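# Remarks on the overall topology
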Amino acid sequence: MSDGVRTSLSISNEGAAPADPLVTLERLPDGAFAEVEATLDGDAESLILYRDGDHVRAWLNICPHAGRRLDWAPGQFLKSKDGFLVCAAHGASFELAGGECVAGPCRGESLRAVEVVVREGAVWLGGSAR
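Note that the structure is predicted; figures quoted are calculated from it, not measured. (Residues numbered from 1 in each chain as written. Predicted model: local features only at pLDDT ≥ 70, side-chain atom pairs only at ≥ 80, totals over all residues. Heavy atoms only, no water.)

### What to know about the confidence of the model for the protein chain
- The pLDDT averaged across the protein chain works out to 85; a share of 83% of its residues lies at or above 70.
- Considering only residues more than four positions removed or in separate chains, one finds that residues 1–17, a stretch of pLDDT under 50, has 49 contacts. (pLDDT = per-residue confidence, 0-100. Contact = heavy atoms within 4.5 Å.)

### Regarding the pattern of salt bridges
- Taken as a whole and judged by the stated rule, the model has three salt bridges.
- For D52, the salt bridge is made with R57, and the minimal N-O distance between the two is 3.5 Å.
- In this structure D52 comes out as partly exposed when scored by relative accessible area, which is 34%.
- R69 is the salt-bridge partner of D71, the closest N and O atoms lying 2.8 Å from each other. (Salt bridge = Lys/Arg side-chain N within 4 Å of Asp/Glu carboxyl O. Buried < 20%, exposed > 50% of the residue type's maximum accessible area, 1.4 Å probe, protein only.)

### Points about the side chain of N61
- Secondary-structure assignment places N61 in the loop between strand 6 (55–60) and strand 7 (76–79).
- Among the polar contacts made by the side chain of N61, one reaches the side chain of D71 at a distance of 3.2 Å.
- Setting aside chain neighbours within four positions, we find N61 in contact with E35, S46, L47, I48, R68, R69, L70, D71 and F77. (Helix = DSSP H or I, 4+ residues; strand = E, 2+ residues; numbered from the N terminus. Polar contact = N/O pair within 3.5 Å; in protein donor to acceptor, adjacent residues only side chain to side chain.)

### Things to note about the nonpolar core
- Counting 18 residues, the largest nonpolar core has L22, L47, L49 and V123 as the members making the most contacts within it.
- For this core, the secondary structure elements donating two or more residues are strand 4 (33–40), strand 5 (43–52), strand 6 and strand 12 (122–125).
- The element that contributes the greatest number of residues to this core is strand 4, accounting for four residues.
- Apart from residues lying up to four places away in sequence, L49 is in contact with L22, V23, L28, A32, F33, A34, V36, V56, R57, A58, V116 and V123. (Core = buried A, V, L, I, M, F, W, Y, C linked by side-chain atoms within 4.5 Å.)

### A word on the packing of aromatic side chains
- The final tally for this structure, using the stated rule, is two aromatic pairs.
- Relative to Y50, the ring of F33 has its centre 5.1 Å away and its plane inclined at 40°; by these criteria the two rings are tilted. Placement of the pair is F33 in strand 4 and Y50 in strand 5, with a sequence separation of 17 residues.
- By relative accessible area, F33 is classed as buried at 1%.
- Here the aromatic rings of F33 and F77 are separated by 5.6 Å at their centres, their planes lie at 45°, and the arrangement is tilted. Placement of the pair is F33 in strand 4 and F77 in strand 7, with a sequence separation of 44 residues.
- Residue F77 is classed as buried on the basis of its relative accessible area of 0%.
- Put simply, the rings of F33, Y50 and F77 pair up and form one aromatic cluster. (Phe/Tyr/Trp six-rings, centres within 6.5 Å; stacked < 30°, edge-to-face > 60°.)

Encoded structure:
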């Protein structure tokens, strides 16, 4: 995919048993974002998944600046030419290694990470995230 607007999957995990994966790796291309719904601590939450090779990182889909979703449309995220995830509402830029805001109104704050694991060709919620 090219830099700029990054489209992704919009997958619902609502009502799924905890034993179901969030998404299979074949549906999440390397370097792409995906938005999935998952139940965390009994609440339905929107998550951002980012695939980097064999690794997948996940964060709550909430900008720490104003508590809004980061996608500009459901499951559609912006990625800067420098490789940062960009909040569609206020332009905050987040590095993808740890979710830290490196530019914009919430500089120094971070996205809230969610533990996920990759196994059996799929992405699963980590042990403490269920």
